[in-house]
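The chain contents come next:
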Amino acid sequence: MKKLLSGNTHQLKSAIFFFLFIVLSFISCKTNENQNPISLLFSQPSPFIISGKQFQLSSFDLTGGNNDRIPIKANEKIQIADIKGEGLISRIWVTIDSRDPDYLRKILIRMYWDDESHPSVEVPIGDFFGSPFQYKHHLPKYLGMSSGGYYSYFPMPFKYGARIEIENQSEEEVYAFYYQINYYSLDKGSMPDEMPYFHAYWNRDIRTDYPENYIALEAEGKGFFVGLNFNGQPYDGRLFYLEGDEMIYVDGETAPSTHGTGLEDYFTSGWYFKDGEFSALFHGLTLLDQGTGRVTAYRHHIPDAIPFNKSIQVSLEHGHGNQEVIDLSTTSFWYQSEPHQVFPEILSAGKRMPLRRPLPHGLIKPTAIQTSGELREILEDRSEFGSDWIDNKQLLVEGLKGESFSITLDQLDEEAYNVSFFVSEGPGFGKVKVKHGGKELLFFDGNSKDLMPLEKIDLGELQPKDGKLVLDIQFLESGFLGMDGLMISPKRKFLTDWFMIGPFPNLRKTDYDRPGLDSAFFPEKSIDLNFSYPGFYGQNLKWFRVNEGKSGYDMRLWQYFNPSEFIVIYTLSYVYSPKKETYKMYVGCDDTAKIFINDKEVYRFFDLMRIAAPDQDMIEVELEEGWNKVLVKAENNFGGFAFYLRFADPSQNLFYSADKTIK
């Protein structure tokens, strides 16, 4: 009897299982017709598993051996997938061996859906998988690199077919390209009619020296935005470009419905990525190079996809909170119904290469260098050799042995300047020496097998004559001199001898309602270096002297005052002028400041988030004959606390002392 019941139970369980399978399949098909495409695509396991069969395409050795790779010749294009019918790609894996140091930017991956003539994906392969500067381990859920293998788990649906293409735009052969592509083959009609397709677009601005936002993506149609891979490299090595906010406009908005608070915040970090690299499921910092300022980060909007019905624009703030000049590139990921807008033509392989030598902001471009002499000059396009030349241009001066020419820098009104030369080496380049005022500053041999941008060459501190600096250049060997630019910066002599007193209160009501700057405390009314003042915080405040030869952040103002945030301090010094005369005064401050010359207010700056730097502002001030009183009122809110102050004095007439002593 038990045996009979056991047999019947087994049959009953089989019947129930079969019935449930039919019901679930039916429900799945019905659900597929009405379900939100985001949930349909990103549910795990995928609803398509029930009705589909999985296949794998790979680079396995067709001979049965272990040579499971394919080579890709220089400038060759190959197809690694050509799938017919309806289906969904669920996984892509690749690993690469190339001798080209820039192959991550020179190899392109393209994807086409349903016989479209323009790709829905066209991205350098390193950028697509999230690490274009170097082959670097990071583990987001849908797209990354795990111990040498790049992977994508983004679901990629198609209705009539899918093609994936790899193009090696390097001059070097890729000796080993390994790949696996897993996909589900589906019955026709398995997907909803309005199933959106996967897209990825790469953009780069090599030099963001403009006041507008950087545009990562502009798309038209209906769909949803699912992520951004980001790469930034500043031209001055600083991370201040992270002050830019993300601004995302949906369906023609005039104000962004997504407006962030800074780039590191967008990547779900904080304080300039203060604790370094990390990898989370949907956001991460893959690379942080404190030496170069390079950043690679990702944010994948799977849990918080951004839908759009007509259009979307994804932009990163530039020109207001972020005025830094950087090399910026992004890969945007989104799904949308077809047809999509045709992408702009992708930059050539040379223009995609990472910066090897960032040329600083303020550089004198090759096109602006004034030369004199009868030598032949050529403005050469270097765009196919990298991104290391401003506007992709290099000035070539051709000379025979013994010939010479001059470079003139004029309209100079400072006492002295530090001058730096930016040049390249290359085939056919000659040997030259550079002089100023008859003194040899540099010997340079530019001949090399390959064209290569070089780091800056410092020529030292030079003094102009009649407002001009003249550099005399002579060829010691026939050839070219490849000039990429000149950098001159004034020799800055900051006021560094001060009497200081504080802290006084900055009674902050809101960020922009802080009466401290405009409240006249005791030192502002009269100066007595021997007098003690009652402090707001219970201290007995006295003047003290700081004359360590430091300025700006080197002064470490916060070390002298407790508390050091939400305070006001005063600093006092004197400038001696042999006669009554007008001078240019240069100021930089963090956060806000007032300056009084002989008890007259001549400067006021009020803002919240500025980071101090030399010469941020210039004011013409009149100095009286003799000693002139300079009183700085500096306000700190939170964080950095610094100021810079100097006078342009090309004739070296001025003397500075906190106690009116000329040494």
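Residues numbered from 1 in each chain as written. Predicted model: local features only at pLDDT ≥ 70, side-chain atom pairs only at ≥ 80, totals over all residues. Heavy atoms only, no water.

Notes on the overall build of the protein chain
Now for step 1: Helix and strand counts for the protein chain stand at seven helices and 45 strands.
Now for step 2: Seen through its C-alpha atoms, the protein chain measures out along the principal axes to roughly 115 × 75 × 45 Å.
Now for step 3: In the protein chain, which comprises 663 residues, the proportion classed as buried is 52%.
Now for step 4: For the protein chain, contacts bridging at least 24 residues in sequence account for 79% of all contacts bridging at least 6. (Helix = DSSP H or I, 4+ residues; strand = E, 2+ residues; numbered from the N terminus. Buried < 20%, exposed > 50% of the residue type's maximum accessible area, 1.4 Å probe, protein only. Contact = heavy atoms within 4.5 Å.)

Here's the deal with the sheet that holds strand 16 (residues 258-259)
Now for step 1: Strands sit in the order 13-21-15-16 across an open sheet of four strands; the sheet is antiparallel. Looking at the sheet topology across the chains shown, the edges are occupied by strand 13 (214-220) and strand 16.
Now for step 2: For strand 15 (residues 246-250) and strand 21 (residues 311-316), the ladder comprises five bridges, and the chain directions are antiparallel. Bridge assignment links Met247 to a residue of strand 21, and that residue is Ser315. (Pairing = 2+ DSSP bridges.)

What to know about the packing of aromatic side chains
Now for step 1: Applying the stated rule across the entire model yields 37 aromatic pairs.
Now for step 2: Plain terms: the ring middles of Tyr201 and Phe343 are 5.3 Å apart, the flat faces sit at 50 degrees to each other, and that makes the pair tilted. Remark: Phe343 occurs in the loop between strand 22 (326-336) and helix 6 (349-352) and Tyr201 occurs in strand 12 (residues 197-205); sequence separation between them is 142 residues. Take Tyr201 and Phe343: they sit in the same class, and that class is buried.
Now for step 3: An angle of 75 degrees between the planes, with centres 5.1 Å apart, marks the rings of Phe531 and Tyr533 as edge-to-face. (Phe/Tyr/Trp six-rings, centres within 6.5 Å; stacked < 30°, edge-to-face > 60°.)

Re the environment of Asp410
Now for step 1: Note that Asp410 resides in the loop between strand 26 (404-409) and strand 27 (417-425).
Now for step 2: Accessibility expressed as a relative area gives 30% for Asp410, which makes it partly exposed.
Now for step 3: The sequence separation of Asp410 and Ala368 amounts to 42 residues, and the corresponding C-alpha distance is 12 Å.

Some thoughts on the confidence of the model for the protein chain
Now for step 1: Scored by pLDDT, the protein chain comes out at a mean of 90, with 94% of its residues at no less than 70.
Now for step 2: Confidence drops under a pLDDT of 50 for residues 1-7, and excluding neighbours within four residues, the segment shows zero contacts in the predicted structure. (pLDDT = per-residue confidence, 0-100.)

Let's talk about the side chain of Ser98
Now for step 1: Along the chain, Ser98 turns up in strand 4 (residues 87-98).
Now for step 2: Separated by 3.2 Å, the side chain of Ser98 and the backbone nitrogen of Asp100 make a polar contact.
Now for step 3: Leave out the neighbours within four places in its chain, and Ser98 touches Tyr103, Glu173 and Val174. (Polar contact = N/O pair within 3.5 Å; in protein donor to acceptor, adjacent residues only side chain to side chain.)

A few points about the pattern of salt bridges
Now for step 1: Scanning the model with the defined rule gives 33 salt bridges in all.
Now for step 2: One salt-bridge network, held together by shared partners, links Arg110, Glu122, Glu165 and Glu167. (Salt bridge = Lys/Arg side-chain N within 4 Å of Asp/Glu carboxyl O.)

Some words on the sheet that holds strand 42 (residues 617-623)
Now for step 1: Strand order in this open sheet of three strands is 42-39-44, and the pairing throughout is antiparallel. Strands at the two margins of the open sheet, each flanked by one partner only, are strand 42 and strand 44 (642-647). For this sheet the average axis-to-axis angle between neighbouring strands, irrespective of direction, equals 25 degrees. (Axes fitted to C-alpha atoms, helices over the stretch in contact; angles between N-to-C directions.)

Regarding the nonpolar core
Now for step 1: If you look at the biggest cluster of nonpolar residues, it comprises 56 residues, and the most contacted ones within it are Ile89, Phe128, Phe154, Phe177 and Phe198.
Now for step 2: For this core, the element with the most residues is strand 11 (residues 174-185), which contributes six residues.
Now for step 3: When neighbours within four sequence positions are excluded, Phe177 is seen to be in contact with Ser59, Arg69, Ile70, Ile72, Ile80, Val94, Thr95, Ile96, Ile125 and Ile166. (Core = buried A, V, L, I, M, F, W, Y, C linked by side-chain atoms within 4.5 Å.)

Regarding the side chain of Glu246
Now for step 1: Structurally, Glu246 is set in strand 15.
Now for step 2: For the buried Glu246, no salt bridge exists, and the shortest N-O distance to an oppositely charged side chain is 5.2 Å, to Arg299.
Now for step 3: Ignoring anything within four residues of it in the chain, the contact list for Glu246 reads Thr258, His259, Gly260, Thr261, Gly262, Tyr266, Ser315 and Leu316. (Lys, Arg positive; Asp, Glu negative; His and termini not counted.)

Here's the deal with the pairing of strand 41 (residues 600-605)
Now for step 1: Judged from the five bridges that link them, strand 40 (residues 592-597) and strand 41 form a sheet pairing that is antiparallel. Directly across from Lys594, in strand 41, lies its bridge partner Arg604.
Now for step 2: Between strand 40 and strand 41, which pair antiparallel in sequence order, lie two residues; one of them, Asn598, sits at a positive phi of approximately 50 degrees.

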